[in-house]
Amino acid sequence: MYRVYLFTFYLIFSINCIAKEITIDEVYQQAYRINEEIEILKRHFDIDEMIQVAPIYADFTSAHTWQKAYEILFKLNILREKHDLPFLAVSSREPSLNPKPQIVFAQSLRILTEIDILKYQLDITEKTELPPKFSGKTLTDNFNLMNHISYQIDLLTGTSFTPSYVFAQTIRINEDVNTILDVLNIQDNTIPPPKQNNMIPADAFKTALQLLQEIKRLEQLGNIKGIESYPFEQIEKITPSEVFSMTGILLAELQVIKADLGLFHALTPIAQYYENRTPSDVQQILGWSIRKLQLITTLVH
């Protein structure tokens, strides 16, 4: 009888502990809330401008939208600094083969919490109304709304990403590449390519696209479905912001490769602080990552 009670308790406990499934529509609802909160901040600072952002149509996953949420948190940190609040490190996440909307939902709640802290510090009392419910939203809708939000924050900071911020992300990419080489027991005999002076963001962006192609080669080795580069090749105006966003796409793709290799607990290091970096520095590190990935001929280890 004791064993029956124990087994029944175990079943009830297990059922109650199953995590709730978050839908794509629920993620969109949270992104909508964030957008409304950003509009409150804009009104507080008498900003009535709206940055028009062209949507990007690609086969996005929750991993790509998570990276866009990471980008938003990073920009909120810049806003914190502007108002004499300490800069906080934005965390990483565990690699996953099939990231679910839950990861973006959780990141959205972190964004909303950071906005609440900012509003309290700035003595902003205006609140958003209960957001409507949505249906039929897609992963692409979620990505593009987050992307829209990211650009609106630039109006609050009066700036955007500098090459130094982008450089920090390229170092994170390079560290992920090192982790992949290590698990495959590949000796890294590469050296960074020569730094080319007078590079502009568009040059760094082009190298980022080349790195994406190299990542796609590895994904094909592992029968992994990756994102296509074509939608990003159509982006015409390239600033450090677009390069930063592209590093997020690269990091999202690398997480899937890490997961395929069983590196589920190999988190990407947090971004370090750098100064006086240029697009030439960014382009060089991205080129170095390409050289390293070219050493890989199989994902079997």
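It should be noted that the structure appears before, not after, this text.
The following paragraphs examine the structure supplied in this document. Source: prediction; values computed, not measured.

### A word on empty space enclosed by the protein
Okay, so step 1: In this structure the tally under the stated criterion is three cavities of 30 Å³ or more.
Okay, so step 2: Together, His-64, Gln-67, Lys-68, Tyr-70, Glu-71, Phe-143, Phe-244, Ser-245, Thr-247, Gly-248 and Ile-249 line the largest cavity.
Okay, so step 3: Elements with a contribution of two residues or more to the lining of the largest cavity: helix H3 (62–82) and helix H9 (240–260).

### So, H3
Okay, so step 1: Taking 1.5 Å of rise per residue, the 21 residues of H3 would be expected to cover 30 Å, and the 30 Å separating its terminal C-alpha atoms lies within 8% of that figure.
Okay, so step 2: Two to three positions downstream of the cap, the backbone nitrogen of Ala-63 sits 3.1 Å from a side-chain oxygen, assigning the N-cap of H3 to Thr-61.
Okay, so step 3: Phi for Asp-84, located one or two positions after H3, is positive at around 60°.

### Here we look at the layout of surface pockets
Okay, so step 1: For the largest pocket, the calculated volume is near 550 Å³.
Okay, so step 2: For the largest pocket, the lining is made up of 26 residues, of which Val-53, Tyr-151, Ile-235, Lys-237 and Glu-242 are closest to its centre.
Okay, so step 3: Counting residues per element, the ones that place at least two in the lining of the largest pocket are H3, helix H5 (139–157), helix H8 (230–233) and H9.
Okay, so step 4: Sorting elements by how many residues they give to the lining of the largest pocket places H9 first, with five residues.

### Brief notes about helix H6 (residues 163–183)
Residues spaced three or four apart along an α-helix point in a common direction, a consequence of the helix completing one turn every 3.6 residues.
Okay, so step 1: Its 21 residues place the ends of H6 31 Å apart at the C-alpha level, agreeing with the 30 Å of an ideal helix rising 1.5 Å per residue.
Okay, so step 2: Counting buried positions along H6 yields 15 of 21 residues, so the element is predominantly enclosed.
Okay, so step 3: Backbone geometry just after H6 places Asn-185 at a positive phi near 55°.

### Some thoughts on the packing of H3 against helix H4 (residues 101–121)
Okay, so step 1: It is the contact of H3 with H4, at a shortest axis distance of 9 Å, that shows an interaxial angle of 10°. It follows that H3 is roughly parallel to H4 by the angle criterion. Crossing geometry of H3 relative to H4 is assigned as left-handed. Residues Ser-62, Ala-63, Thr-65, Trp-66, Ala-69, Tyr-70, Ile-72, Leu-73, Leu-76, Leu-79 and Arg-80 of H3 form the contact with H4, whose participating residues are Pro-101, Ile-103, Val-104, Gln-107, Arg-110, Ile-111, Glu-114, Ile-115, Ile-117 and Leu-118.

### A short note on the environment of Leu-218
Okay, so step 1: Residue position: Leu-218 is located in helix H7 (residues 201–221).
Okay, so step 2: Sequence separation between Leu-218 and Val-256 is 38 residues, and the spatial gap between their C-alpha atoms is 11 Å.
Okay, so step 3: With near-sequence residues (within four places) excluded, Leu-218 lies in contact with Ile-257, Leu-293, Ile-296 and Leu-299.

### Description of the side chain of Glu-71
Okay, so step 1: Structurally, Glu-71 can be placed in helix H3.
Okay, so step 2: For Glu-71, the residues in contact, after removing those within four places along its chain, are Ser-150, Phe-161, Phe-244 and Ser-245.

### As for the packing of H3 against H9
When two helices pack together, their arrangement is given by the angle between the helix axes and the distance between those axes.
Okay, so step 1: With their axes 9 Å apart at the nearest point, H3 and H9 run at an angle of 135° to one another. The angle between H3 and H9 falls in the class oblique. Crossing geometry of H3 relative to H9 is assigned as right-handed. Together, Ala-63, His-64, Gln-67, Lys-68, Tyr-70, Glu-71, Phe-74 and Lys-75 of H3 and Ser-241, Phe-244, Ser-245, Gly-248, Ile-249, Leu-251, Ala-252 and Glu-253 of H9 make up the contact between the two elements.

### Details of unusual backbone geometry
Okay, so step 1: Of note in this structure, Asp-46 is not a glycine but carries a positive phi near 55°.
Okay, so step 2: On the secondary structure map, Asp-46 appears in the loop between helix H2 (24–44) and H3.
Okay, so step 3: Despite not being glycine, Asn-198 has its phi angle at roughly 65°, a positive value.
Okay, so step 4: The residue Asn-198 is located in the loop between H6 and H7 in this model.

### Looking at the side chain of Thr-268
Okay, so step 1: Along the chain, Thr-268 falls in the loop between H9 and helix H10 (279–293).
Okay, so step 2: Of the polar contacts made by the side chain of Thr-268, one reaches the side chain of Lys-258; its length is 3.4 Å.
Okay, so step 3: Among all residues touching Thr-268, those that are not within four sequence positions of it are Ser-92, Arg-172, Asp-176, Leu-251, Gln-255 and Lys-258.

What counts, and at which threshold
- Residues numbered from 1 in each chain as written.
- Predicted model: local features only at pLDDT ≥ 70, side-chain atom pairs only at ≥ 80, totals over all residues.
- Heavy atoms only, no water.
- 1 Å grid on protein atoms, 1.4 Å probe; cavity = no way out; pocket = protein on both sides within 12 Å on 5 of 7 lines; lining within 4 Å.
- Points joined across faces, edges and corners; volume = space filled by probe spheres on them.
- Helix = DSSP H or I, 4+ residues; strand = E, 2+ residues; numbered from the N terminus.
- Expected span 1.5 Å × (residues − 1).
- Polar contact = N/O pair within 3.5 Å; in protein donor to acceptor, adjacent residues only side chain to side chain.
- Buried < 20%, exposed > 50% of the residue type's maximum accessible area, 1.4 Å probe, protein only.
- Axes fitted to C-alpha atoms, helices over the stretch in contact; angles between N-to-C directions.
- Parallel < 35°, antiparallel > 145°, perpendicular 65-115°, else oblique.
- Left-handed = near helix turned anticlockwise from the far one by under 90°.
- Contact = heavy atoms within 4.5 Å.

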